[in-house]
Amino acid sequence: MDDRTFRQAMGQFATGVTIVTTEYEKNVHGMTANAFMSVSLNPKLIAVSVDHRAKMLRKMIEAQTFAVNILTERQKELSMLFAGQIKLEKTPTFARLHGVPIIEDSLVSVVCRLFSKKVAGDHTIFIGEVIDIKTRKGEPLLFYSGNYYRLSSSMEVSP
Ligand code: FAD
Ligand code: NAD
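Residues numbered from 1 in each chain as written. Chains lettered and ligands numbered in written order. Predicted model: local features only at pLDDT ≥ 70, side-chain atom pairs only at ≥ 80, totals over all residues. Heavy atoms only, no water.

## Considerations on helix α2 (residues 56-63)
Along an α-helix, a turn takes 3.6 residues, which lines up residues three or four apart on a common side.
Right, on to step 1. Taken as a whole, α2 has its buried residues at M56, L57, M60, I61 and A63.
Right, on to step 2. On its buried face, α2 is in contact with β2 (18-24), β3 (27-33), β5 (45-51), β6 (65-70), β9 (108-120) and β10 (123-135).
Right, on to step 3. Just beyond α2, the residue with positive phi is Q64, at close to 65 degrees. (Buried < 20%, exposed > 50% of the residue type's maximum accessible area, 1.4 Å probe, protein only. Helix = DSSP H or I, 4+ residues; strand = E, 2+ residues; numbered from the N terminus. Contact = heavy atoms within 4.5 Å.)

Below, the structure written as structure tokens:
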């Protein structure tokens, strides 16, 4: 199977968008990721999958702590910035939760300590044990088939 077929098919799985943030040697680093999921309730675990080519990989391993920030519909530009697709004149500011950098104004910030990691092909799946969560009001940013969307209540599926 060629890569295009796989990517096109996986792109049919509509997701939210997150930015993973961490800090290593006093440098804050962020990376856009949609390969994110909730894993376990007891203990509370989440997972995010990181490409071996990403600079984020080494930083998460060294830092042992990271945050997953679920974006609002107002944060498309940040998603593109942290995917290396655009530059912004204004540098983003980071808040802190348990000393871990988080994206201000995101819908949810989930702060984790590294619980375990598993190499899976050309990615590593990071499992994080959740230390704390900060939630804010807003609507999620959605990603589907390579494009960004917002929720529309008029599009809710009726029973
Ligand atoms: P870089 O490419 O060097 O950094 C990413 C960008 O963030 C750069 O533009 C950099 O300037 C900026 N940046 C980083 N830190 C800061 C800072 N402190 N201040 C200001 N700017 C900063 N890849 C995956 O591995 N897993 C996924 O699940 C995944 N999902 C994606 C979902 C979407 C919707 C998109 C668009 C991309 C996704 N990617 C995913 C691809 C990934 O976001 C990019 O390949 C990204 O560029 C890899 O980042 P990097 O760690 O190599 O660092
Ligand atoms: P796309 O058509 O490449 O991505 C569609 C879907 O394919 C994604 O939502 C993801 O589920 C999957 N995918 C894409 N690249 C992958 C990879 N290297 N490993 C595993 N799954 C992958 O294009 P797009 O949605 O416009 O993405 C823009 C950029 O972000 C591309 O360079 C893409 O490779 C990257 N991206 C990477 C991942 C990832 O590593 N898990 C996820 C999404 C996007």
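## Observations concerning the UniProt feature "domain: Flavin reductase like" (unreviewed entry) in the chain
Right, on to step 1. As recorded in UniProt, the sites labelled "domain: Flavin reductase like" (unreviewed entry) are residues 10-150.
Right, on to step 2. Along residues 10-150 the backbone is 11% helical and 54% strand, and the end-to-end C-alpha distance reaches 19 Å. (UniProt positions renumbered as here; feature names shortened; annotations may be inferred.)

## Describing the layout of surface pockets
Right, on to step 1. What the largest pocket holds in volume is close to 1,600 Å³.
Right, on to step 2. Lining the largest pocket are 34 residues; nearest its centre among them are R7, N34, A35, H123 and F143.
Right, on to step 3. Of all the secondary structure elements, the ones that give two or more residues to the lining of the largest pocket are α1 (3-10), β3, β5 and β11 (141-144).
Right, on to step 4. When residues in the lining of the largest pocket are grouped by element, the largest group, five residues, is from α1.
Right, on to step 5. Looking at side-chain class alone, the lining of the largest pocket contains 16 nonpolar, twelve polar and six charged residues. (1 Å grid on protein atoms, 1.4 Å probe; cavity = no way out; pocket = protein on both sides within 12 Å on 5 of 7 lines; lining within 4 Å. Points joined across faces, edges and corners; volume = space filled by probe spheres on them. Nonpolar A, V, L, I, M, F, W, Y, C, P; charged D, E, K, R; others polar.)

## Overview of the site of ligand 1
Right, on to step 1. Looking at ligand 1, there are 24 residues lining it, with V28, H29, T32, D51 and K55 nearest.
Right, on to step 2. Within the backbone of V28, one N or O atom sits 2.8 Å away from a nitrogen atom of ligand 1.
Right, on to step 3. One nitrogen or oxygen atom from the main chain of A83 is found 3.2 Å from an oxygen atom belonging to ligand 1.
Right, on to step 4. Secondary-structure elements contributing two or more residues to the shell around ligand 1 are β3 and β5.
Right, on to step 5. Per-element tally for the shell around ligand 1: the top contributor is β3, with six residues.
Right, on to step 6. Along the lines of polarity and charge, the residues of the shell around ligand 1 split into 14 nonpolar, seven polar and three charged. (Near = heavy atom within 4 Å. Polar contact = N/O pair within 3.5 Å; in protein donor to acceptor, adjacent residues only side chain to side chain.)

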